[in-house]
Amino acid sequence: MDTKALRQKILDLAIRGKLVPQDPNDEPASVLLERIRAEKQQMVKDGKLKPKDIKNDTVIFKDDDNLHYEKFSDGNVKCIEDEIPFDIPNTWSWCRLNNIGSTNIGLTYSPSDICNDGTMVLRSSNIVNGKIDLADLVKVKSDIRKNQYLQNGDILICARNGSKRLVGKCALFLGIKEPASFGAFMAVYRSDYNRYIYYFLCTDIFRNTFASDDSKQINQLTQDMIKNTLLPLPPLNEQNRIVKSLNNAFIVVDKIEESKTNLKEDIQKTKSKILDLAIRGKLVPQDPNDEPASVLLERIRAEKEELIKQGKIKRDKKESVIFKGDDNSYYERVGDIISNIDDEIPFELPQNWEWSRLQTICYPITDGTHKTPTYSDSGYIFLSAKNITTGKINWNDIMYIPKSLHDELYSRVSPKMNDILLAKNGTTGVAAIVDRECEFDIYVTLALLRVVNNNISSQYLLKIIASDTIQDYFKSSLKGIGVPNLHLEHIRTTLIPIPPINEQNKIAERIYQYYSLLDSIVQNIE
């Protein structure tokens, strides 16, 4: 179930007058608006408001021709039928947000104003899932105007943000006793009817009033945009019934969302458990007739030795052989040096399995160009870590480089079908398999792993890399300040559990089957 779409459907019914029944005994919204106008005019007489505060107030009405008109303070009348998005019940009225409330922009402060014991200033990050979140809090010592302090019941709105999708997100400021202001990229809307208006601001109808596909438009919601927003206003009693109904409905939706989240977490844990069973030899039964992994590794070493003789690859001075001694301990031979590596072995393997360094079963293990390329509008595909964040290669959101640069890069690193690409930074440790035949190049943020001939299953290796055991090793190997990197030396020395090739294929197939089933469950609850 798509709970986001469900929320919008419920909100849409609410603002169209279809969520709760109308009561003919309710005072019409038109009367409420008349009373608000009279109160504001009296406040001008009493000096509590200035004439300029009400000069932009308007009256929206439906004339005998069944069209909507707007009357301005100077007496002019304009037909606004093309602005009215839908019909509303007879007891409702359209009005501008400016007519029934006020809005204000936030506080500008400098980094030197930030302190530990000042006034808290709420920013976009303090609005999380439609509620105020004080986790990421800034406090300042600065001159704050009276109208820049938040009041209980205010609606805090993200008015400007680098991300267009965050503009317009809002929350009610409720129950917080400590004085608080709001940042310059925020706005506040203040009205006696905010409980209902808050829900209106959460609708796609409101977002569509300021959203634009124009890439040149700044991601912002201006004061004028807020003030001029058309609001379908119900009678006050109906507003209260709508708010109560929405509150109750969203409690149910929240429970559905929580159940979905819990189920997704359980599915992810199940996937991790499947991989853990797989790398320990407990996912599929062993077949005593399978060629042992020790024979497979000997064949790999022999094949690499032949490639060295042919000059096709260089000898790896750190090439190793891992074996179990008579004392039941694990040892590694590198050249003439033998070392005990018991402290590196995470668990015991079945009899016909072996431990191996990644560099023993893969050649090459390398990375992409370390130079930022000159991109072009077309040419050869250029991939980086951002293209494999989901565990599959995203061939759609890609960059291109010219042929001259491709020829240079491809002569050093030439990815092929079934190679494994591994993220060295960013989403470190995420791997994806090359699933199409095409020439492309890679950036330094990606490592390339190629299994030696057909002695190792690329699909098995891909899935084993995703296991908690391998991922924990990668995390412990990260180096660098700021954005940590996974270095090639640590990738090459990663310990991999090697089953017989037949069992590798069975494990990869079984994981695929289980994952497909779990993924179908996730798709069905979306």
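One can find the structure itself at the top, above this paragraph.
The following refers to the structure shown. (Residues numbered from 1 in each chain as written. Predicted model: local features only at pLDDT ≥ 70, side-chain atom pairs only at ≥ 80, totals over all residues. Heavy atoms only, no water.)

**Description of the sheet that holds strand 5 (residues 101–105)**
Which entries qualify depends on this criterion: For two strands to be treated as a pair, DSSP must find at least two bridges joining them. Only runs of H or I of at least four residues qualify as helices and only runs of E of at least two qualify as strands under DSSP, and these elements are numbered from the N terminus. Axis lines are fitted to C-alpha atoms, over the contacting stretch for helices. Their N-to-C directions set the angle, which ranges from 0 to 180 degrees. Contacts are assigned to residue pairs with any non-hydrogen atoms lying within 4.5 Å of each other.
Pairing within the open sheet is antiparallel, and its four strands lie in the order 5-13-10-11. In this open sheet, the two strands that pair with only one neighbour each are strand 5 and strand 11 (170–172). Within the sheet, the average angular offset between the axes of one strand and its neighbour, ignoring direction, is 20°. Pairing geometry for strand 5 and strand 13 (residues 186–191), over five bridges, is antiparallel. Looking at strand 13, one finds that Thr103 is bridged to Tyr189. In the packing of helix 4 (residues 194–201) onto the sheet, the strands contacted are strand 10 (155–158), strand 11 and strand 13, and the crossing angle to strand 11 comes to about 160°.

**Remarks on the pattern of salt bridges**
Put simply, the test is: Salt bridges are defined by distance alone: a side-chain nitrogen of Lys or Arg within 4 Å of a carboxyl oxygen of Asp or Glu. Accessible area is worked out with a 1.4 Å probe on protein chains only. A residue is then buried under 20% of its type maximum, exposed over 50%, and partly exposed in between.
All chains considered together, the criterion is met by 26 salt bridges. Lys271 is paired through a salt bridge with Asp519; the nearest N and O atoms lie 2.6 Å apart. Of this pair, Lys271 sits in helix 7 (residues 236–279) while Asp519 sits in helix 14 (residues 501–525), placing them 248 residues apart in sequence. Judged by relative accessible area, Lys271 falls into the buried class, the value being 13%. Taking the relative accessible area as the measure of exposure, Asp519 reaches 30% and is therefore partly exposed. Among the salt bridges present, the one from Arg301 reaches Glu298, with a minimum N-O distance of 3.3 Å. Of the two residues, Arg301 and Glu298 both sit in helix 8 (residues 293–309), three residues apart, roughly one turn of that helix. Accessibility expressed as a relative area gives 18% for Arg301, which makes it buried. A residue is classified by how much of its surface remains accessible, and Glu298, at 49% relative accessible area, is partly exposed.

**Points about the sheet that holds strand 1 (residues 59–62)**
Across the sheet, three strands lie side by side as 1-2-3; this open sheet has antiparallel pairing. Each having just a single partner strand, strand 1 and strand 3 (77–79) make up the two edges of the open sheet. Pairwise comparison of adjacent strand axes, ignoring direction, gives a mean angle of 25° for this sheet. Here four bridges tie strand 1 to strand 2 (residues 68–71), and the two strands are oriented antiparallel to one another. For Lys62, the partnering residue across the bridge sits in strand 2 and is His68.

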